[in-house]
Amino acid sequence: MNRSILVVDDEIRYRELYARVLRDAGFDVHEAGSAADALEFMDRRTPDMVVSDVRMPAESGLDLLRRVRAEKPELPFLLVTAYADVREAVDALKLGAVDYLAKPVDLDELLAAVRDTLGVGAGAGGEIPAASLTGIVAESLAMRSVLRDAYRVAPSDATILLTGESGSGKEIVAQFIHRHSARSAKPLVPVNCAAIAPTLLASELFGHEKGAFTGAVTKRKGYFREAHEGTLFLDEIGDMPLELQPSLLRATETGRITPVGSDKETVIDCRLIAATNHDLETDVAEGRFRQDLYYRLNVITIDIPPLRERPEDIPPLARLFLNKDKTEARRLSRAAMQTLISHPWPGNVRELANAMAHVRLLSQTDVILPEHLPPAVRKSAGKAAPESRIPVEQDAPAQTKTLEQHEIEAVTAALKHTKGNRTHAAQLLGITRRGLIYKLKRLGLE
């Protein structure tokens, strides 16, 4: 019989998300929307483990933990908590909680924590079918991990926050999530918040009535209603004006909007995916982004690594962009490919696509040499440190192995210092928790 888990959370979309991930991994999962529902369930059946949110109305996850400990002292209990609740969650460990996970919840870490607690080995659940990756370049372990998380969250209606540098592929991931969601038959509506004048953004998002302001000669539906039953993708959410953020928060919390110039609310039904290249935590601390909206968007976060951190994706992406408009295949020479891999790509995938457009338009040969590449790419390759050069189709040089050894020692020391807590270890290393997970996989430390 599969091990059973009770997931307790008052927000149904997150409860269903955690439940789906655990079911895909082979667990028998039951759900409860409150502490009272959880206790009622446990009167009938005792699960092998409880995963509970901390902040819930009426009785909190900590209240539930205290009551469970009084009657079932051996039942493993895992808490899910916002960063602001960490001290409270640590105190809860004294009550017998096996661990806590800080929001935004890392789905790999959730699975690992449950498996570690129950002594269950990792299975193959949650892997992406090969057909789902058609047309997507993801040779690197880092990008495959991103897409695996995206595939897991796609069927839910959970709000997703995509983070990463400009040009790293956030819109591609948003499209992937929509394509594998229950809303795929309806539209995906992309909106670049940075490209719309602040004075017009409210009417573009929520719509407006005729005559609502000078120039409003017709009634406008707005992007939220255009995305009805589909997905609204708000790119560059960090550039949204501060004065408009309360309206967005209300829309996400209530599922209702008020068009500009109207006094009537309109019900909306769309899944929200937001994306940013900002450090929103810093923006919140400095007053540029509302904290309540940040936490509303930040429950499920997927961080897309920059292209320089996934060099395995550079060759297939370069070939794809090079032959985009031609029926006959043009080939990048070994030297040209090495030059591409050595470039740091500050503009990420967008910059690589532009570089290959340069080559397509200006070179007349079937075999592309380094001199055919844009000057900026050639110059940076000449300045690259030896250990940053990753040979094409050859074993890594000794310098890279030495560098990896240093990484292994640093990561191992951080995990030892934090007693295996990945969130705290990542903070010690000065990287994101997602970045630490990539390192653990790449270095074989899982």
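Residues numbered from 1 in each chain as written. Predicted model: local features only at pLDDT ≥ 70, side-chain atom pairs only at ≥ 80, totals over all residues. Heavy atoms only, no water.

The name given to the chain in an unreviewed UniProt entry is Two component, sigma54 specific, transcriptional regulator, Fis family, with the source organism recorded as Desulfomicrobium baculatum.

J.: What's the story with the overall build of the chain in this structure? I'm lost.
T.: A count of helical and extended segments in the chain gives 19 helices and 14 strands. Residues counted as buried form 52% of the 446 residues belonging to the chain. In the chain, once contacts between residues fewer than 6 apart in sequence are set aside, the share between residues at least 24 apart is 69%. Total accessible area computed for the chain in this model is approximately 21100 Å², and 51% of it derives from carbon and sulfur atoms. (Helix = DSSP H or I, 4+ residues; strand = E, 2+ residues; numbered from the N terminus. Buried < 20%, exposed > 50% of the residue type's maximum accessible area, 1.4 Å probe, protein only. Contact = heavy atoms within 4.5 Å. Areas by Shrake-Rupley, 256 points an atom, 1.4 Å probe, with all protein chains shown as cover.)

J.: What am I meant to see in the sheet that holds strand β8 (residues 231-235) here?
T.: Taken in spatial order, the five strands of this open sheet run β7-β8-β11-β6-β12, and their pairing is parallel. The sheet terminates laterally at β7 (188-192) and β12 (300-303), the two strands that pair on one side only. Direction aside, the axes of adjacent strands within the sheet are offset by 20 degrees on average. Sheet topology places strand β6 (residues 160-163) next to β12; four bridges connect them, and they run parallel. (Pairing = 2+ DSSP bridges. Axes fitted to C-alpha atoms, helices over the stretch in contact; angles between N-to-C directions.)

J.: Is there a simple way to explain the environment of L79 in this structure?
T.: Topologically, L79 is positioned in strand β4 (residues 77-81). For L79, a relative accessible area of 0% translates into the label buried. Between the alpha carbons of L79 and A97 there is a distance of 7.2 Å; along the sequence they are 18 residues apart.

J.: Hey, could you run me through the nonpolar core in this one?
T.: The nonpolar side chains of a soluble globular protein tend to be buried with one another. One finds Y18, V114 and L162 to be the most contacted residues of the largest nonpolar core, which totals 48 residues. Taken domain by domain, this core gets at least three of its residues from each of domain 1 (4-118) and domain 2 (139-303). Residue contacts for V114: discarding those within four places in its chain leaves I5, L22, F27, M49, V51 and L78. In this structure, Y223, L234, A274 and Y294 belong to the second largest nonpolar core, which totals 30 residues. (Core = buried A, V, L, I, M, F, W, Y, C linked by side-chain atoms within 4.5 Å. Domains from an automatic or database assignment.)

J.: How should the sheet that holds strand β2 (residues 28-32) be read in this particular structure?
T.: Paired through backbone hydrogen bonds, the strands of a sheet run either parallel or antiparallel to each other. Taken together, five strands build an open sheet; the order of strands is β2-β1-β3-β4-β5 and the sheet is parallel. A strand with exactly one partner marks an edge of an open sheet, and here the two such strands are β2 and β5 (99-102). Averaged over all pairs of adjacent strands, the angle between strand axes in this sheet comes to 20 degrees, irrespective of strand direction. Looking at chain direction, β4 and β5 are connected through four bridges and run parallel.

J.: Before we go on, may I ask you to explain the pairing of β7 in this structure?
T.: Both faces of the sheet carry side chains from a regular strand, because those side chains alternate between them. Side chains V189 and V191 of β7 all project onto a buried face; the interleaved residues L188, P190 and N192 project onto a face where none is buried. Relative to β8, β7 runs parallel, the two sharing five bridges. Its bridge partner being in β8, V191 is matched across the sheet by L234.

J.: Which parts of the structure should I look at to understand helix α7 (residues 170-179)?
T.: Because the α-helix completes a turn every 3.6 residues, residues three or four places apart line up on one side. Within the sequence span of α7, burial applies to K170, V173, A174, F176, I177 and H178. Buried residues along α7 sit against α6 (141-153), β6, β7, β8, β11 (271-276) and β12.

J.: Hey, could you run me through the side chain of D303 in this one?
T.: Looking at where D303 falls in the secondary structure, it is placed in strand β12. There is a polar contact of 2.7 Å between the side chain of D303 and the side chain of T163. (Polar contact = N/O pair within 3.5 Å; in protein donor to acceptor, adjacent residues only side chain to side chain.)

J.: Mind showing me how you'd approach the packing of aromatic side chains here?
T.: Here the distance between the centres and the angle between the planes together describe a pair of aromatic rings. Enumeration according to the criterion identifies two aromatic pairs in this entry. Considering the side-chain rings of F206 and F224, the 5.5 Å spacing of their centres and the 10 degrees angle between planes classify their relative orientation as stacked. Of this pair, F206 sits in helix α8 (residues 198-206) while F224 is found in helix α9 (residues 223-226), placing the two residues 18 residues apart along the sequence. Taking the relative accessible area as the measure of exposure, F206 reaches 4% and is therefore buried. The class for F224 is buried, based on a relative accessible area of 3%. For the ring pair Y294 and Y295, a centre distance of 5.4 Å and an interplane angle of 55 degrees mean the geometry is tilted. On the basis of relative accessibility, which here comes to 7%, the residue Y294 falls in the buried class. (Phe/Tyr/Trp six-rings, centres within 6.5 Å; stacked < 30°, edge-to-face > 60°.)

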